[in-house]
Amino acid sequence: MTVPTTADLDKMFEALKNWGRWGPDDQRGALNHLTDERRREAAALVRSGEAVSLAHDLGTEPSAENPRPAEHHMLAAGDARDANGIAGYEAARDHLALDVHGLYTTHVDALSHMFVRGQMYGGRPASEVRSDGARANTVMAMASGVVGRGVLLDPARATGREFFDAGEVVTVADLEAAERAEAVEVRGGDVLLVSWGREARRRARNGFDGFSGLHPECLPWLHEREVAVLGSDGISDPMPFLGTPGWPFPVHQIGITAIGLHLIDNVALAGLSERCADEGRWEFLFCMAPLRIPKGTGCPVNPVAVL
């Protein structure tokens, strides 16, 4: 495996910038590739109508993957169901709080999530993200949802393996080998999901021991293919890091900040991979509706594939 130098990734960052491509006020980034026409085409992919959730259950217990789990408690439970002061009204109410970003919760990253040298997508300064939230590049870019053609590439399955192991990364050759094995092609406006076998590896290792992910060489490929959204069963970046000084998370840093690529982290892909293999097709209607958080830098999500 070739580890890129700092100069390599500096050059790549500049070369892949979409800043200004869709006008000076753009806050959608690569989502601009997902047009109404492409959404209409994606709707025609539905055959059986089967819906497959691509999210993990919200974790409320700490673990190596989830050291800051979601907090869930009841504001009113069955023993206080009538404590609301309205005669005859009995109800339960929940309170949730969580760290949106991390290594376990299925979530989408807005373009205000990452900075490179004090700038986020479009050259906006990091100071536009304050203690009360972001002033630009928020999840509101997805306020009307993300609906389009989803494509699952499973490079491990394509080569007869259960998972990519520690220290292994997904390369362009791996992505293209998966395309050939699955008889599918990633096209402009797609929501691309890449599985390296996280759940199988967790079972084999009896726990969490890191992530595989995309090699940075995949970033120009994603840019050239005009991928609208990228998701992974990890965080798209490998852990442990490749080791390039200044670029610990290049897929996040370059993908989000330069390309304007919204990332979906910790997608549950094992079940979808099985269903796609059973059906013999790896494209589907992808649907995701993030919460409308006006200043949010990310949001927990439950993406759904409709077969």
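Refer to the structure presented above.
Residues numbered from 1 in each chain as written. Predicted model: local features only at pLDDT ≥ 70, side-chain atom pairs only at ≥ 80, totals over all residues. Heavy atoms only, no water.

Q: Any chance you could break down the layout of surface pockets for me, citing the residues and the numbers?
A: It is a probe the size of a water molecule, rolled over the atoms, that shows where empty space is left. Roughly 260 Å³ of internal volume is contained in the largest pocket. Within the residue set of the lining of the largest pocket, elements represented by two or more residues are helix 3 (155-158), helix 5 (198-205) and helix 8 (270-279). Taken as a whole, the second largest pocket spans an internal volume of roughly 150 Å³. Taken together, A55, H56, D57, L58, L96, L98, Y104, T105, T106, P300 and V301 form the lining of the second largest pocket. Classifying every residue of the lining of the second largest pocket gives 7 nonpolar, 3 polar and 1 charged. (1 Å grid on protein atoms, 1.4 Å probe; cavity = no way out; pocket = protein on both sides within 12 Å on 5 of 7 lines; lining within 4 Å. Points joined across faces, edges and corners; volume = space filled by probe spheres on them. Helix = DSSP H or I, 4+ residues; strand = E, 2+ residues; numbered from the N terminus. Nonpolar A, V, L, I, M, F, W, Y, C, P; charged D, E, K, R; others polar.)

Q: Describe helix 6 (residues 218-225), and please don't skip the residues or the numbers.
A: Burial in helix 6 covers these residues: C218, L219, W221, L222 and R225. Angularly, the buried residues of helix 6 cover 160 degrees about the axis, an arc narrow enough to put them on a single face. Where helix 6 is buried, its residues touch helix 1 (6-15), strand 7 (146-153), helix 4 (172-182), strand 8 (191-194), strand 9 (229-232) and helix 7 (250-259). In the stretch just after helix 6, E226 is the one whose phi turns positive, near 60 degrees. (Buried < 20%, exposed > 50% of the residue type's maximum accessible area, 1.4 Å probe, protein only. Arc of directions from axis to C-beta. Contact = heavy atoms within 4.5 Å.)

Q: Outline the pattern of salt bridges, supporting the account with residue identities and numerical values.
A: Under the counting rule described, the total for this entry stands at 23 salt bridges. A salt bridge links E65 to R202, with the nearest nitrogen and oxygen atoms 2.9 Å apart. Of this pair, E65 sits in the loop between strand 1 (51-53) and strand 2 (71-76) while R202 sits in helix 5; the two residues are 137 residues apart in sequence, bridging distant segments of the chain. In this structure E65 comes out as buried when scored by relative accessible area, which is 9%. Note on R202: relative accessible area 23%, which makes it partly exposed. Three or more residues are tied together by salt bridges with common partners; here these are E50, R275, D278 and E279. (Salt bridge = Lys/Arg side-chain N within 4 Å of Asp/Glu carboxyl O.)

Q: Outline the environment of G298, supporting the account with residue identities and numerical values.
A: Mapped onto the elements of the fold, G298 is located in strand 12 (residues 298-300). Since its relative accessible area comes to 4%, G298 is described here as buried.

Q: Let's hear about the pairing of strand 8: which residues, and what values?
A: Alternating positions in strand 8 separate into two faces, V191 and L193 on one and L192 and V194 on the other, with burial throughout. Sheet topology places strand 7 next to strand 8; 4 bridges connect them, and they run parallel. The residue of strand 8 that forms the bridge with G150 is V191. In this structure, strand 8 lies alongside strand 9, joined through 4 bridges in parallel fashion. (Pairing = 2+ DSSP bridges.)

Q: Could you give me a rundown of the sheet that holds strand 4 (residues 107-109), with the residues and numbers involved?
A: Judged by pairing direction, the sheet is mixed, and its 9 strands sit side by side in the order 1-13-11-7-8-9-10-4-12 without closing on themselves. Of all the strands in the sheet, the pair left with one neighbour each is strand 1 and strand 12. Sheet twist, expressed as the average angle between the axes of neighbouring strands with direction ignored, equals 25 degrees. With 3 bridges joining them, strand 11 (residues 283-288) and strand 13 (residues 304-306) adopt antiparallel strand pairing. (Axes fitted to C-alpha atoms, helices over the stretch in contact; angles between N-to-C directions.)

Q: Describe in detail the side chain of H56, supporting the description with residues and values.
A: Relative to the assigned elements, H56 resides in the loop between strand 1 and strand 2. Under the relative-accessibility criterion, H56 is labelled buried at 16%. Every residue in contact with H56, bar those within four places of it in the chain, is listed here: Y104, T106, E199, N266, V267 and A268.

Q: Talk me through the packing of helix 4 against helix 6; I want residue IDs and the actual numbers.
A: Where helix 4 meets helix 6, the axes come as close as 9 Å, and the angle between the chain directions of the two elements is 45 degrees. One way to sum up the angle between helix 4 and helix 6 is to call them oblique. Touching V172, L175, E176 and E179 of helix 4 are C218, W221 and R225, all from helix 6. For the contact of helix 4 with helix 6, the class distribution of residues is 4 nonpolar, no polar and 3 charged. (Parallel < 35°, antiparallel > 145°, perpendicular 65-115°, else oblique.)

Q: So, helix 1: which residues are in play, and what are the values?
A: Every α-helical turn comprises 3.6 residues, leaving residues that sit three or four positions apart pointing alike. Among the residues of helix 1, L9, M12 and F13 are the ones counted as buried. Within helix 1, the buried residues cover an arc of 105 degrees as seen down the axis, which keeps them to one side. Those residues of helix 1 that are exposed and aimed more than 90 degrees away from the buried face are A7, K11 and A15. On the buried face of helix 1, the contacting elements are helix 6 and helix 7.

Q: Explain the side chain of R201 to me, and be specific about the residues and the numbers.
A: Looking at the element boundaries, R201 is found in helix 5. Among the polar contacts made by the side chain of R201, one reaches the main-chain carbonyl oxygen of G210 at a distance of 3.4 Å. Apart from the residues within four sequence positions on either side, R201 is in contact with F163, F164, D165, A166, W196, G207, D209, G210, F211 and S212. (Polar contact = N/O pair within 3.5 Å; in protein donor to acceptor, adjacent residues only side chain to side chain.)

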